[in-house]
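Coordinates in review
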Amino acid sequence: MRAAQITAFQRPLRIADVPDPTPGERGVVLRVEATGICLSDWHAWMGHETLPGLPHVPGHEMAGTIAEVGSGVEGWLVGDRVTVPFSIGCGECRPCMEGHLNTCDVGFTPGFTTWGSFAELVSIDHAEHNLVRLPSGIEPVHAAALGCRFITAFRALADRGRIQKGEWLAVHGCGGVGLSAVMIGVAMGARVVAVDIDSGSLQMAGELGAEVLVDGNVAKPVSAIMAATDGGADVSIDAVGTTTTALNSIRCLRKHGRHVQVGLLLGDDATPPIPMERVIMRELEILGSRGMSATDYPRVFEMIESGRVDPARLVTGTVALDEASGVLERMGEFGGVGMTVIDRF
């Protein structure tokens, strides 16, 4: 099969012919029809993530058809159309047994702990617990746009942030996760303030329903949010992952507000100082959110089928596998609007 490999950090990906994967007893091999290029893939390419070794195949936002089924897998057949959450659960540890496959004690993440989906084929273990059957109306490119960014935003708002109709939602960063959060927040009846430093991203956030657009280049986000919401946001999400955006997200909350941290805080931003006095005096909640379990996808599909959300609007470009390296390199500039998906291998 053809695959794009990281052979050295911060160097162009190598397109190579490598042996086809085989399924484990409890796994499947998926023929990849589309896979998103995510900021998390950029972190892996930069060397910010621990990988099992080089060369390595990144990619974790995938959709396709089952090409081969392991001997111990029941309920899935060759040809089934599926997607897969990036946070795969073993199905046997305590978090998995409690329904939290996204925080599995073992922890499997295609593209990070194993070879991923920047390839014609990818092996997925623990298939019975983690495969998600795609509705007929969702095309592979749009299914790839669901994960990890759209499903991450959905769980962050619906389950962790517990957003309610009429509440103010502040979204810090309008990349893939942030724009997904804007769309989902509006669909759930929230009033949305979107913050970014890129005019194109802010424009798209407005097109998706954000009422207030804050350009971080010309305004102080916390002051702007406090003024626009008459006292602060009820829920705020850091969809970037820097010390500045995390602290802004906490500080822009009204009393009893909920901050949800989604953006990965790495390197010098790994341990931001938390304004704990503010957290105590305002009785704020600080919440983490990581992906979403396969069992929760039907809730997202229901929103799509009802027309309340349309993840297809977030896909602003498709590329061939050979072009993925250039897309990753440009991600470091934090420019571009929406999501780019590989759909030609």
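Note that the structure is a prediction, hence the values are computed from the model and not measured.

**Some remarks on the overall build of the protein chain**
Along the protein chain, the regular secondary structure elements total 12 helices and 15 strands. With respect to the three principal axes, the spread of C-alpha positions in the protein chain is 60 × 40 × 35 Å. Contacts in the protein chain between residues far apart in sequence, at least 24 positions, make up 72% of those at least 6 positions apart. Here the protein chain displays about 14,200 Å² of accessible surface, and carbon together with sulfur accounts for 50% of that area.

**Here we look at the side chain of Gln5**
Within the secondary structure, Gln5 sits in strand β1 (residues 2–5). One polar contact links Gln5 to Arg14, side chain to side chain, over a distance of 2.7 Å. Apart from the residues within four sequence positions on either side, Gln5 is in contact with Leu13, Arg14, Ala16, Val18, Pro55, His56, Val57 and Trp115.

**Things to note about the environment of Val132**
Tracing the sequence through the fold places Val132 in strand β7 (residues 132–133). Those residues in contact with Val132 that lie beyond four places of it in its chain are Trp76, Arg81, Val82, Thr83, Pro85, Ala294, Tyr297 and Phe301.

**So, unusual backbone geometry**
Backbone torsion omega between Leu54 and Pro55 reads 0°, so that peptide bond is classified as cis. With respect to the helices and strands, Pro55 occurs in the loop between α1 (39–46) and β4 (61–69). For the bond running from Gly147 to Cys148, omega is 15°, close enough to zero to count as cis. Looking at where Cys148 falls in the secondary structure, it is placed in helix α5 (residues 146–160). Even without being glycine, Asp230 reaches a positive phi, approximately 55°. Structurally, Asp230 can be placed in the loop between α8 (221–228) and β11 (233–238). For Asp230, a relative accessible area of 68% corresponds to the exposed category. Even without a glycine there, the phi angle at Glu283 is positive, about 50°.

**Observations concerning the packing of aromatic side chains**
Tallied over the full model, the rule gives 1 aromatic pair. Seen from their ring centres, Tyr297 and Phe301 are 6.0 Å apart, and the 55° between their planes marks the pair as tilted. Here Phe301 and Tyr297 lie together in helix α11 (residues 297–305), a separation of 4 residues that amounts to about one turn.

**Some words on the nonpolar core**
Counting residues in each nonpolar core, the largest one holds 54 residues, and the members touching the most others are Phe150, Leu169, Val182, Phe301 and Leu314. Looking at which element gives the most residues to this core, the answer is α5, with 8 residues. Leaving out residues up to four positions away in the same chain, Leu314 has contacts with Phe150, Leu179, Ser180, Met183, Met204, Leu208, Gly338 and Met339.

**Let's talk about the packing of α5 against helix α6 (residues 176–187)**
Running from N to C, α5 and α6 point in directions that differ by 50°, and their axes come no closer than 8 Å. Taken as axis vectors, α5 and α6 run oblique relative to one another. Note that α5 runs across α6; the crossing there is right-handed. In this structure, α5 contributes Arg149, Phe150, Ala153, Phe154 and Leu157 to the contact, and α6 contributes Gly176, Val177, Ser180, Ala181, Met183, Ile184 and Gly185. Per-class residue counts for the contact of α5 with α6 are 8 nonpolar, 3 polar and 1 charged.

Conventions we followed
Starting afresh in each chain, residues are numbered from 1 along the sequence in its written order. With pLDDT at 70 or above as the cut-off, local features in this predicted model cover only qualifying residues; side-chain atom pairs require 80 or more to be listed or tallied, and sums for whole chains, interfaces and linings still use all residues. Only heavy atoms go into the side-chain values, all of them from the structure, while hydrogens and water stay out. Helix and strand definitions here come from DSSP, where helices need a minimum of 4 consecutive H or I residues and strands a minimum of 2 consecutive E residues; each element is numbered from the N-terminal end. Contacts: residue pairs with any heavy atoms within 4.5 Å of one another. Accessible surface is estimated by sampling points in the Shrake-Rupley manner with a 1.4 Å probe; for residues, cover comes only from the protein chains shown. Identification of polar contacts relies on pairs of N or O atoms within 3.5 Å, with a donor-acceptor requirement for protein atoms, meaning one able to donate a hydrogen and the other able to accept it, and with residues adjacent in sequence counted only if both atoms are side-chain atoms. Per-residue accessibility, obtained with a 1.4 Å probe over protein chains only, is compared with the maximum for each type, and a residue is labelled buried under 20%, exposed over 50%, and partly exposed between these values. Pairing of aromatic side chains requires ring centres within 6.5 Å, counting the rings of Phe and Tyr and the six-membered ring of Trp. Pairs whose planes differ by under 30 degrees are stacked, by over 60 edge-to-face, and all others tilted. Grouping buried Ala, Val, Leu, Ile, Met, Phe, Trp, Tyr and Cys residues that are joined through side-chain atoms within 4.5 Å yields what is termed a nonpolar core. Convention adopted: a line fitted to C-alpha atoms gives each axis, helices being fitted over their contacting stretch, and angles between N-to-C directions are expressed from 0 to 180 degrees. With respect to orientation, any angle under 35 degrees is reported as roughly parallel, any angle over 145 as roughly antiparallel, any angle of 65 to 115 as roughly perpendicular, and every other angle as oblique. For a crossing to be left-handed, the near helix must be turned anticlockwise from the far one by less than a right angle; the clockwise case is right-handed. When residues are sorted by character, Ala, Val, Leu, Ile, Met, Phe, Trp, Tyr, Cys and Pro go into the nonpolar class, Asp, Glu, Lys and Arg into the charged class, and all the rest, Gly among them, into the polar class.

Geometric descriptors of this kind do not, in isolation, establish any biological role.
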